[in-house]
Amino acid sequence: RAVQTPAQPIKTLSARQHAEHEFAAAQKAMDRQNKLRAEQLFNSALDYQPQHMDARIQLAAIYLERNNNEAAERVLEDGLALDPNHIQLTRLYAQLLATRGEFEMALQVLAAVTDAQTHDAESLALRAAVYARLNNHHDAASSYRLALNSTQGRQTGGWGWAWRLNTSSCTAVPQMLT
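Residues numbered from 1 in each chain as written. Predicted model: local features only at pLDDT ≥ 70, side-chain atom pairs only at ≥ 80, totals over all residues. Heavy atoms only, no water.

S.K.: Explain the side chain of Arg127 to me, please; I cannot follow it from the model alone.
M.R.: Summarising the element assignment, Arg127 is placed in helix H7 (residues 121-133). No salt bridge is formed by the buried Arg127. Its closest oppositely charged neighbour is Asp139, at 7.7 Å. A polar contact is formed between the side chain of Arg127 and the side chain of Ser143, at a distance of 2.8 Å. Those residues in contact with Arg127 that lie beyond four places of it in its chain are Leu107, Leu110, Thr114, Ser143 and Leu146. (Helix = DSSP H or I, 4+ residues; strand = E, 2+ residues; numbered from the N terminus. Buried < 20%, exposed > 50% of the residue type's maximum accessible area, 1.4 Å probe, protein only. Lys, Arg positive; Asp, Glu negative; His and termini not counted. Salt bridge = Lys/Arg side-chain N within 4 Å of Asp/Glu carboxyl O. Polar contact = N/O pair within 3.5 Å; in protein donor to acceptor, adjacent residues only side chain to side chain. Contact = heavy atoms within 4.5 Å.)

Below, the structure is given as structure tokens:
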């Protein structure tokens, strides 16, 4: 006759734990260059926890790399609706807008993260590049100056960020600061 053992309680995962599990699996898929699987897993992580901003950023980056700007915009806008002051989401969204030539809108989006308290060097450099595209060289120079000042005192190894904007791309490129 079979001996019965007491049933073990089944541990259920919280939505946050599910999201972290999916995110970790997506990171592994990215490491294996399986971006389609990573996309599915990042989306799953966001289904479990819409506030998972790292998953949102990675997913938007996949979409941008594929030139699926509409999907990237949706992911970024949804994230900004949850956290309007998230620096990385804001910067990616402004970059997307600038790439499309929507420079004034990009400046409006960047305003939240480039105020006097924030001093995010990459966002300030992006703002400077947008001003330069609008031929507003005074504000461009001022923004670049703020970006450089915000990196002082931090170890940058002599490297900083410059933003290059043209009609087809808006990318951060490392540039030696002298």
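S.K.: What's the story with the pattern of salt bridges in this structure? I'm lost.
M.R.: Side-chain pairs of opposite charge can arise where the charged atoms are in close proximity. Tallied over the full model, the rule gives six salt bridges. Put simply, Asp120 and Arg91 hold a salt bridge, and the shortest N to O gap is 2.9 Å. Of this pair, Asp120 sits in the loop between helix H6 (103-110) and H7 while Arg91 sits in helix H5 (residues 87-99), and the two are 29 residues apart along the sequence. Residue class for Asp120 comes out buried when judged on its relative accessible area of 16%. Residue Arg91 is classed as buried on the basis of its relative accessible area of 12%. One network of salt bridges, with partners in common, ties together Glu73, Arg100 and Glu102.

S.K.: I keep staring at the nonpolar core and nothing clicks. Help me out?
M.R.: Here is a general trend for soluble globular proteins: nonpolar side chains tend to be buried in one another's company. Core analysis: the biggest nonpolar cluster contains 39 residues, and Phe42, Tyr93 and Val130 have the highest contact counts within it. Secondary structure elements with two or more residues in this core: helix H1 (15-31), helix H2 (35-48), helix H3 (53-65), helix H4 (69-82), H5, H6 and H7. (Core = buried A, V, L, I, M, F, W, Y, C linked by side-chain atoms within 4.5 Å.)

S.K.: Any chance you could explain the packing of aromatic side chains here in plain terms?
M.R.: Each aromatic ring pair is characterised by the separation of its centres together with the angle its planes make. In total, this model carries one aromatic pair according to the counting rule given. Between Phe23 and Phe42, the aromatic rings sit 5.7 Å apart at their centres with planes inclined by 50°, giving tilted as the arrangement. One end of the pair, Phe23, is in helix H1; the other, Phe42, is in helix H2, with 19 residues separating them in the sequence. In this structure, Phe23 and Phe42 share a single accessibility class: buried. (Phe/Tyr/Trp six-rings, centres within 6.5 Å; stacked < 30°, edge-to-face > 60°.)

S.K.: Sorry if this is basic, but what is going on with the packing of H5 against H7 here?
M.R.: Geometrically, a packed helix pair is captured by the angle between its two axes and the distance between the axes. The interhelical angle for the contact between H5 and H7, taken along N-to-C directions, is 20°, at an axis separation of 10 Å. With respect to H7, the axis of H5 lies roughly parallel. The hand of the H5/H7 crossing is left-handed. Where H5 approaches H7, its residues Ile87, Arg91, Ala94, Gln95 and Ala98 are matched on the opposing element by Glu122, Ser123, Leu126 and Val130. Split by residue class, the contact of H5 with H7 holds five nonpolar, two polar and two charged. (Axes fitted to C-alpha atoms, helices over the stretch in contact; angles between N-to-C directions. Parallel < 35°, antiparallel > 145°, perpendicular 65-115°, else oblique. Left-handed = near helix turned anticlockwise from the far one by under 90°. Nonpolar A, V, L, I, M, F, W, Y, C, P; charged D, E, K, R; others polar.)

S.K.: I would appreciate a short explanation of unusual backbone geometry in the present structure.
M.R.: Most peptide bonds adopt trans geometry, and most residues besides glycine take a negative phi value. Of note in this structure, Asn67 is not a glycine but carries a positive phi near 60°. Structurally, the position occupied by Asn67 is in the loop between H3 and H4. On the basis of relative accessible area, Asn67 is assigned to the exposed category, the value being 64%.

S.K.: Looking at this structure, how should I read the packing of H7 against helix H8 (residues 137-151)?
M.R.: Close contact between H7 and H8 brings their axes to 8 Å; oriented N to C, the two are set at 165°. In terms of their interaxial angle, H7 and H8 are classed as roughly antiparallel. The handedness of the crossing between H7 and H8 is left-handed. Within the contact between the two elements, H7 uses Ala121, Leu124, Ala125, Arg127, Ala128, Ala129, Tyr131 and Ala132 and H8 uses His137, Asp139, Ala140, Ser143, Tyr144, Leu146, Ala147, Ser150 and Thr151.

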